[in-house]
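Residues per chain are reported as follows:
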Amino acid sequence: MILVDLHTHSSCSDGTVPPDKLAKLAHRSGISVVSLTDHDTVDGVPVFTRECRRLGVKSLSGVELSADYPTTMHILGYGFDLAFPELVEVLQDLRDHRERRNLEIIDRLRDVGVELTLDDVLSETHGNVVTRPHVAKAMMKKGYASSISECFQRYLKRGMPGYVSRKRLSPEMCISLIKKAGGVACLAHPIQTSQDPVELRSILKELKALGLWGLECISRHHNSEQIFNYMRLASELELHCTAGSDFHGSNRVGVSMGVPVAEDFLPWARLGISL
């Protein structure tokens, strides 16, 4: 058995650990293969992979893209070219839209008596992507709520006064972009996409026709029964099982890095990994 983690986040998106320190944490945790999969950005990947290499930890380029879908659909990409021009362009466009969205969130919160500035929010970030947890932390610092969860429940989740939808790519575009950049695409935490097994099977068949390569079967989001069912479904649909913690540092309490799997769990060579 080895420890792997193909789903982690750094302070470059909505995690709390800087990329270099995340690599150090992976090393201390005894992880053999790790991927940094920040939301809509690869800014932290070069530092992360460089530090992993120095420490002797195998690493994969990674990203997590939010697909435009009625429920939550996140597509993980692995092993792609960070400098692929179309990928760089699309990620920059998503970032630009996030910046406009953040200003609109602040305006909407001000309308309901929450006085925040963009500088208040930026002071909570260590990277280039500002996310709603950063807004929540700024609100907590000013005493508008006692926890990130309360901020979301009262102000930031869908239907609340501070919610503003963000730009999302179609599932087809997410998968196509990752493939064209030389990587493979996997559906993250399928429990968030559908809790109906029949519906999920149909969704996965459609995604596979678009080029989906894998399914995140082993996740901190799934219980043991769900993991078993997802692995069986992946086998039936000829998708590769992947495993990740969805580590966010202190933004997701109780979630540690590393998932134990068999050494031949994945065709590592396809991902450019030699164990």
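Quick caveat, the model's predicted, so the values are computed rather than measured.

## Some remarks on the side chain of threonine 41
Take threonine 41: it is sitting in the loop between strand 2 (31-36) and helix 2 (45-55). Within the local environment of threonine 41, its side chain forms a polar contact with the backbone nitrogen of aspartate 43, the two atoms lying 3.1 Å apart.

## Structural notes on the sheet that holds strand 5 (residues 74-78)
If you trace the five strands from one edge of the open sheet to the other, you get 4-5-6-7-8, paired in mixed fashion. Looking at which strands have only one partner, the edges of the open sheet turn out to be strand 4 (62-66) and strand 8 (240-244). Adjacent strand axes in the sheet meet at a mean angle of 35°, parallel and antiparallel pairs treated alike. Across four bridges, strand 5 lies against strand 6 (residues 184-187) in antiparallel orientation. Its bridge partner being in strand 6, leucine 76 is matched across the sheet by cysteine 186. Where helix 7 (residues 171-180) meets the sheet, its contacts fall on strand 4, strand 5 and strand 6, and the angle it forms with strand 5 comes to roughly 5°.

## Section: the UniProt feature "domain: Polymerase/histidinol phosphatase N-terminal" (unreviewed entry) in the chain
Mapped onto this structure's residue numbering, the UniProt feature "domain: Polymerase/histidinol phosphatase N-terminal" (unreviewed entry) falls at residues 4-69. Across residues 4-69, helical content stands at 32% and strand content at 29%; the span's end C-alpha atoms are separated by 29 Å.

## Notes on the sheet that holds strand 3 (residues 58-60)
Reading across from one edge, 3-2-1-9 is the order of the four strands in this open sheet, with mixed pairing throughout. Edge positions in the sheet fall to strand 3 and strand 9 (259-261), since each has one partner strand and no second. Adjacent strand axes in the sheet meet at a mean angle of 25° when their direction is disregarded. Alignment of strand 2 against strand 3, held across three bridges, turns out to be parallel. The partner of valine 34 across the bridge, within strand 3, is serine 59. Sheet contacts for helix 2: strand 2 and strand 3; angle to strand 2, the most-contacted strand, approximately 170°.

## So, the pattern of salt bridges
On inspection of all chains with the given rule, the structure shows 15 salt bridges. Taking the shortest distance from any N to any O, the salt bridge between arginine 166 and aspartate 40 comes out at 3.9 Å. Linking arginine 166 in the loop between helix 6 (148-156) and helix 7 with aspartate 40 in the loop between strand 2 and helix 2, this pair joins segments that are 126 residues apart in sequence. By relative accessible area, which is 14% here, arginine 166 ends up buried.

## Brief notes about the environment of serine 274
Within the element layout of this structure, serine 274 appears in the segment after strand 9. With relative accessibility at 53%, the residue serine 274 sits in the exposed group.

What counts and how
- Residues numbered from 1 in each chain as written.
- Predicted model: local features only at pLDDT ≥ 70, side-chain atom pairs only at ≥ 80, totals over all residues.
- Heavy atoms only, no water.
- Helix = DSSP H or I, 4+ residues; strand = E, 2+ residues; numbered from the N terminus.
- Polar contact = N/O pair within 3.5 Å; in protein donor to acceptor, adjacent residues only side chain to side chain.
- Pairing = 2+ DSSP bridges.
- Axes fitted to C-alpha atoms, helices over the stretch in contact; angles between N-to-C directions.
- Contact = heavy atoms within 4.5 Å.
- UniProt positions renumbered as here; feature names shortened; annotations may be inferred.
- Salt bridge = Lys/Arg side-chain N within 4 Å of Asp/Glu carboxyl O.
- Buried < 20%, exposed > 50% of the residue type's maximum accessible area, 1.4 Å probe, protein only.

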